[in-house]
Amino acid sequence: MMTLLLALTLSASAQVPVSATMDRTGAVNVEHMGGPFGIGLGLGAPSGVAGKLWISDWSAFQFSAGGDIGEFGDLVAVADYVLQFRPFESGSTDVSVPLHIGGGINIGGNVHSGSDVYDGGVWRIGPRGVIGLSVLIKTLPIDIYVETAPTIYVFEDPGWSFDGQIGIRHYL
């Protein structure tokens, strides 16, 4: 995973911006309306509120918090730093489909003592990798995204999971 992340990072300088006005330090304003901060809803692991803060045309911080589907009392929060790549054309100047890859942290647990999976109060913390793509429409202040994130839990209840999420964010 680290080798892939390093290879993609080093190839970022070879990426061609979507428009001549894009650069590595500007806000992402040529690919969608609205500002650099988006907030919305995600469905998956976790299901709940999702947000993204673009810090340049090539990178962003994203987060999500809520519960995992199928487990009563489950609470999860994730935060990631992602690099954005545009490896292919969408076929339209009004739509872009950036790929994102990065890493972050997953903090989750179950507060319900009658859980079949967790005993109440057990928290799982660990690093995660994330890869996904977004659909950005130039005339709308939204993005629609899908991603997957393998996670290795190293604290309190060691293990692993393979999470995923689909969602929509509105940019302010």
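Residues numbered from 1 in each chain as written. Predicted model: local features only at pLDDT ≥ 70, side-chain atom pairs only at ≥ 80, totals over all residues. Heavy atoms only, no water.

Thoughts on the overall build of the chain
1) Next: Along its length, the chain carries one helix and nine strands.
2) Next: Shown N-terminal to C-terminal, the secondary structure of the chain runs as helices and strands in the order α-β-β-β-β-β-β-β-β-β.
3) Next: Within the chain, residue pairs in contact and separated by at least 24 positions form 56% of the contacts whose partners lie at least 6 positions apart.
4) Next: For the chain, the accessible area works out to roughly 8,600 Å², and carbon and sulfur atoms hold 71% of it. (Helix = DSSP H or I, 4+ residues; strand = E, 2+ residues; numbered from the N terminus. Contact = heavy atoms within 4.5 Å. Areas by Shrake-Rupley, 256 points an atom, 1.4 Å probe, with all protein chains shown as cover.)

Digging into the pairing of strand S3 (residues 59–67)
Side-chain positions along a regular strand alternate between the two faces of the sheet.
1) Next: As paired strands, strand S2 (residues 47–54) and S3 are joined by eight bridges and run antiparallel to one another. Within S3, the position partnered with Lys52 by the bridge is Gln62.
2) Next: Linking S2 back to S3 in an antiparallel pair, the connection comprises four residues.
3) Next: Inspection of the sheet shows S3 paired to strand S4 (residues 74–85) by eight bridges, in the antiparallel sense. Counted as the bridge partner of Ser64 is Val78 from S4. (Pairing = 2+ DSSP bridges.)

Quick notes on a nonpolar patch on the surface
1) Next: Together, Ile152, Val154, Phe155, Trp160 and Phe162 give the surface a local cluster of nonpolar side chains, amounting to about 630 Å² of exposed area.
2) Next: If you trace the backbone, Ile152 turns up in strand S8 (residues 142–153).
3) Next: The class for Ile152 is exposed, based on a relative accessible area of 53%. (Patch = residues over 30% accessible without salt bridge, like charges linked within 9 Å, V, L, I, M, F, W, Y side chains within 5 Å. Salt bridge = Lys/Arg side-chain N within 4 Å of Asp/Glu carboxyl O. Buried < 20%, exposed > 50% of the residue type's maximum accessible area, 1.4 Å probe, protein only.)

Thoughts on unusual backbone geometry
1) Next: A cis amide bond, omega 5°, links Ala45 with the succeeding residue Pro46.
2) Next: If you trace the backbone, Pro46 turns up in the loop between strand S1 (37–44) and S2.

Quick notes on the packing of aromatic side chains
Each aromatic ring pair is characterised by the separation of its centres together with the angle its planes make.
1) Next: According to the stated counting rule, one finds one aromatic pair in the structure shown.
2) Next: The lysine or arginine in question, Arg86, covers the ring of Trp58, its NZ or CZ lying 5.4 Å from the ring centre. (Phe/Tyr/Trp six-rings, centres within 6.5 Å; stacked < 30°, edge-to-face > 60°. Lys NZ or Arg CZ within 6 Å of the ring centre and 35° of its normal.)

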